[in-house]
Amino acid sequence: NAGVTQTPKFQVLKTGQSMTLQCAQDMNHEYMSWYRQDPGMGLRLIHYSVGAGITDQGEVPNGYNVSRSTTEDFPLRLLSAAPSQTSVYFCASTNRQVGGWVSPGNTIYFGEGSWLTVV
Amino acid sequence: GQQVMQIPQYQHVQEGEDFTTYCNSSTTLSNIQWYKQRPGGHPVFLIQLVKSGEVKKQKRLTFQFGEAKKNSSLHITATQTTDVGTYFCAGRDSGYALNFGKGTSLLVTP
């Protein structure tokens with residue numbers, strides 16, 4: 001059981017390039033999301049998905065695309081990288097909400113992070 | 001939209017001292033969660049609070065959810081160097097989004 005797996009761990013991009021951050025979970029979680037973390041800003045939600053075929057925007061969606069063709073995978077695409085997208089990206093997954101965001105006893109799992117630098 | 005404010009931003013304590021971080025929301029929350037992130041690591045789920053006035057303990061950590069479900073606190077008794085990291089609260093109102101506070105970075109010196 002690998003949990004939440006993110007790749008790549010480190011990436012340097014040139015302005016204007018595109019790339020995809022991969023996220024996969026093997027826990028059959030319905031809910032997956034992407035966050036970015038910048039110094040002093042905490043974790044900000046980019047996009048999320050409540051199940052296969054369903055995605056929605058979070059707080060900072062501009063410049064990013066997502067898709068959810070399977071329960072396991074939730075890739076994040078940078079369409080045309082900009083220096084402002086230099087950040088640490090975290091993917092997270094959790095079970096379907098039952099009577100609330102996460103039923104008591106459920107755990108939200110984060111991937112180990114992807115460090116992205118855009119030059 | 002919902003905002004979650006967390007204070008203080010930084011806290012430096014001597015080992016053995018207590019530590020508290022506070023989380024306040026502009027709206028009523030359905031639940032609140034706490035996470036710990038070690039330097040260079042990823043956030044790790046600590047606990048979720050759901051009920052008004054709820055208090056939960058995990059060894060030296062005490063978590064509280066306010067009566068109005070708009071604020072929460074995490075208190076660590078007798079800090080240890082292993083407590084070093086950033087502690088985040090995250091709140092959810094009626095929607096799906098989980099809004100994180102900016103975190104409190106704890107430094108513990110021996």
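As a reminder, the structure under discussion sits directly above these lines.
Being a predicted model, the structure only gives us computed values, none of them experimental. (Residues numbered from 1 in each chain as written. Chains lettered and ligands numbered in written order. Predicted model: local features only at pLDDT ≥ 70, side-chain atom pairs only at ≥ 80, totals over all residues. Heavy atoms only, no water.)

Visitor: Quick one: what's the story with the overall build of chain A, residue by residue and with numbers?
Guide: Within chain A, the secondary structure is distributed over zero helices and eleven strands. For chain A, buried positions account for 48% of its 119 residues. A sequence separation of at least 24 residues applies to 54% of the contacts in chain A between residues at least 6 apart. Surface accessibility of chain A: about 5,500 Å² in total, with carbon and sulfur atoms responsible for 50%. (Helix = DSSP H or I, 4+ residues; strand = E, 2+ residues; numbered from the N terminus. Buried < 20%, exposed > 50% of the residue type's maximum accessible area, 1.4 Å probe, protein only. Contact = heavy atoms within 4.5 Å. Areas by Shrake-Rupley, 256 points an atom, 1.4 Å probe, with all protein chains shown as cover.)

Visitor: Describe the environment of S84 of chain A, with residues and values.
Guide: Residue and element names in this part refer to chain A. Along the polypeptide, S84 turns up in the loop between strand 8 (76-78) and strand 9 (87-94). The exposed category is assigned to S84, whose relative accessible area is 54%. As for S84 and L116, which are separated by 32 residues in sequence, their C-alpha atoms are 11 Å apart.

Visitor: Go over the state of the cysteines, please, and point to the residues and values.
Guide: According to the stated counting rule, one finds two disulfides over all chains in the structure shown. Two residues share a disulfide in this structure: C23 of chain A and C91 of chain A, whose sulfurs sit 1.9 Å from each other. On the sign convention where negative means left-handed, the S-S torsion of about -75 degrees between C23 of chain A and C91 of chain A marks this disulfide as left-handed. Of this pair, C23 of chain A sits in strand 3 (residues 19-25) while C91 of chain A sits in strand 9, placing them 68 residues apart in sequence. Both residues of the pair, C23 of chain A and C91 of chain A, belong to the buried class. Here C23 of chain B engages in a disulfide with C89 of chain B; their sulfurs sit 1.9 Å apart. Around the S-S axis, the bridge from C23 of chain B to C89 of chain B shows a dihedral of about 75 degrees and counts as right-handed. Remark: C89 of chain B occurs in strand 9 (residues 85-92) and C23 of chain B occurs in strand 3 (residues 19-25); sequence separation between them is 66 residues. For C23 of chain B, a relative accessible area of 2% gives the class buried. (Disulfide = S-S within 2.5 Å.)

Visitor: Break down the pairing of strand 1 (residues 4-7) of chain B for me, with residues and values.
Guide: Residue and element names in this part refer to chain B. The alternating pattern of strand 1 places V4 and Q6 on a buried face and M5 and I7 on a face that is not buried. Pairing of strand 1 with strand 3, which is carried by four bridges, proceeds in the antiparallel orientation. Within strand 3, the residue paired with V4 across the bridge is S25. (Pairing = 2+ DSSP bridges.)

Visitor: Describe the sheet that holds strand 7 (residues 64-66) of chain A, naming the residues involved and giving the relevant values.
Guide: Residues and elements named next belong to chain A. If you trace the four strands from one edge of the open sheet to the other, you get 1-3-8-7, paired in antiparallel fashion. Two strands lie at the open edges of the sheet, namely strand 1 (4-7) and strand 7, each paired on one side alone. Here the average twist between neighbouring strands, direction ignored, is 20 degrees. Pairing geometry for strand 7 and strand 8, over three bridges, is antiparallel. Bridging across to strand 8, Y64 finds its partner in L78. (Axes fitted to C-alpha atoms, helices over the stretch in contact; angles between N-to-C directions.)

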